[in-house]
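Now for the letters of each chain:
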Amino acid sequence: MFDKFRDECGVFGIFGHPEAANMTYLGLYALQHRGQESAGIAASDAQVVRLSRAMGYVAEVFDSRTLSELPGSMAIGHVRYSTAGESRVANAQPFLIDCAHGQMAICHNGNLVNATELRDELVSQGSIFQSSTDTEVIVHLYARSKALSVEDSVVEAVSQVQGAFSLAMMTRDRMIAVRDPHGFRPLALGRLGDAVVISSETCAMDLIGATYVRDVEPGEILVASADGLRSIKPFAPAHIAQCVFEHVYFSRPDSYVFGKSVNEVRTDLGRILAREQPVDADVVVPVPDSGVCAAMGYAEESKVPLRMGLIRNHYVGRTFIQPQSAIRHFGVKVKLNPVRSILEGRRVILVDDSIVRGTTSRKIVKMVRAAGAAEVHVRISCPPTISPCFYGVDTPRRSELIAATHTLDEITTYLNADSVGYLSHDGMLSALGSERGQYCSSCYTGHYPVSFPRDEATYLQLALKLDKGETVAR
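Residues numbered from 1 in each chain as written. Predicted model: local features only at pLDDT ≥ 70, side-chain atom pairs only at ≥ 80, totals over all residues. Heavy atoms only, no water.

## Quick notes on the side chain of T24
So, point 1. Tracing the backbone through its elements, the reader meets T24 in helix α1 (residues 20–30).
So, point 2. There is a polar contact of 2.9 Å between the side chain of T24 and the backbone oxygen of A20.
So, point 3. Beyond its immediate chain neighbours, meaning those up to four positions away, T24 contacts F12, I14, I41, A75, I76 and G77. (Helix = DSSP H or I, 4+ residues; strand = E, 2+ residues; numbered from the N terminus. Polar contact = N/O pair within 3.5 Å; in protein donor to acceptor, adjacent residues only side chain to side chain. Contact = heavy atoms within 4.5 Å.)

Laid out in structure tokens, this is it:
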């Protein structure tokens, strides 16, 4: 209903806890914002790995009965929004296989840019794929490895893939965490007593009472077993390219991602936005929920009061019955409602984290005007989004991104706003401090840190949202 980039996926794992499946359920519950299409948990009692997965929210997929059928002190779990592969149960994760190396379950957050090339090669050699997701390529590469140990087989498999991958993997007796050499997607390491915890975000650790220790490092493979926790670093050093959109929008503000507080970074984005894009106004109004932190920063810096002039209905599920009669902007109005007493007669600064197509922003501006606002000034706490993401985020085609096809004046006119102001690219990176050079911002620049395989044109057109005939800036 909202015109936003779709969240990617969330992974969680725990080793050495008597209620591993229950802890994983809670972890996935905290990561629900990262994917709402499917959820799954694989658990091991050191003898057998068992799997349960289905389409739907975490609370819809699991209950006390299904969790009781997942015994053991080790589990991994996944919430999914499809970025590569259709939305169907065959693509739901974890995947579980039994091969020469024994049982292996895997969860993946990210996107492999050479998956199509590898898949074609594997199929030509006799591999049979059960899903349409890129993650299954890793499964086949692992199963085909001639290496003698599980760890060496994992290294051999992931060394052949390119792109973004934060993985939670599990055999009968060990849990393995993997992060790609560029570190595109987050993966954190924590402790719950003697148990080892891995998670896409630290908010999941908070829920179960675990303590954040550090991030899994880019290019690191962590193995948790009865022998303790072991770190393997088999990859050559690579330029770090952590996804800046995790801080702009994806992650929960109560999480630490890439070692930084999302709330603090997001609030600082708002402060810098206020310095770069000031405007005389009476009230700062966030677009809930993603615009709240930036709006607080904007209000603090500008000394314009913050008021919650838009109220969100948090009880709208994945589906609802549309009325038969035509109600204008129903999809937005069922989610947001303006507070007339705050907006009427006032000059409003409307703060949001991003504009993608512009369709929802246009409806919100119209809603605020209808509530009596004298002026509406839109402020966005990131630069103009001009390119699709190829590393695990579901984004529209470039031609559907309003900032890629319209000037600032044209966007202002389309939104029917009095003004529109974006945060600059340099301003966004300055909120990240000394690590500003370690982030991927390709959706704002069109320059991508990982080159694409030799069948690039076909892969990009079919799988990665580029319009036919377009090229990629390297």
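Back to the write-up after that little detour.
## Observations regarding the packing of helix α5 (residues 135–144) against helix α6 (residues 150–158)
So, point 1. Two elements in contact, α5 and α6, have axes whose closest approach is 8 Å; the angle formed by their N-to-C orientations is 130°. Viewed along their axes, α5 and α6 adopt a mutual orientation that is oblique. Read as a crossing pair, α5 and α6 show a hand that is right-handed. Contacts between α5 and α6 pair I138, L141 and Y142 from the former with V150, S153, V154, A157 and V158 from the latter.
So, point 2. Of the residues in the contact of α5 with α6, the class split is seven nonpolar, one polar and no charged. (Axes fitted to C-alpha atoms, helices over the stretch in contact; angles between N-to-C directions. Parallel < 35°, antiparallel > 145°, perpendicular 65-115°, else oblique. Left-handed = near helix turned anticlockwise from the far one by under 90°. Nonpolar A, V, L, I, M, F, W, Y, C, P; charged D, E, K, R; others polar.)

## Focus on the pairing of strand β21 (residues 375–380)
So, point 1. Of all six residues in β21, five are buried, a share of seventy percent or more.
So, point 2. Strand direction decides the pairing type here: strand β20 (residues 347–352) and β21, joined by six bridges, are parallel. In the strand pairing of β21, V351 is matched with R379.
So, point 3. Between the parallel elements β20 and β21, the chain passes through helix α13 (residues 359–370) in a crossover that is right-handed.
So, point 4. In this sheet, strand β22 (residues 419–422) lies alongside β21 in parallel orientation, the contact comprising four bridges. (Buried < 20%, exposed > 50% of the residue type's maximum accessible area, 1.4 Å probe, protein only. Pairing = 2+ DSSP bridges. Right-handed = clockwise from strand over helix to strand, strands pointing away.)

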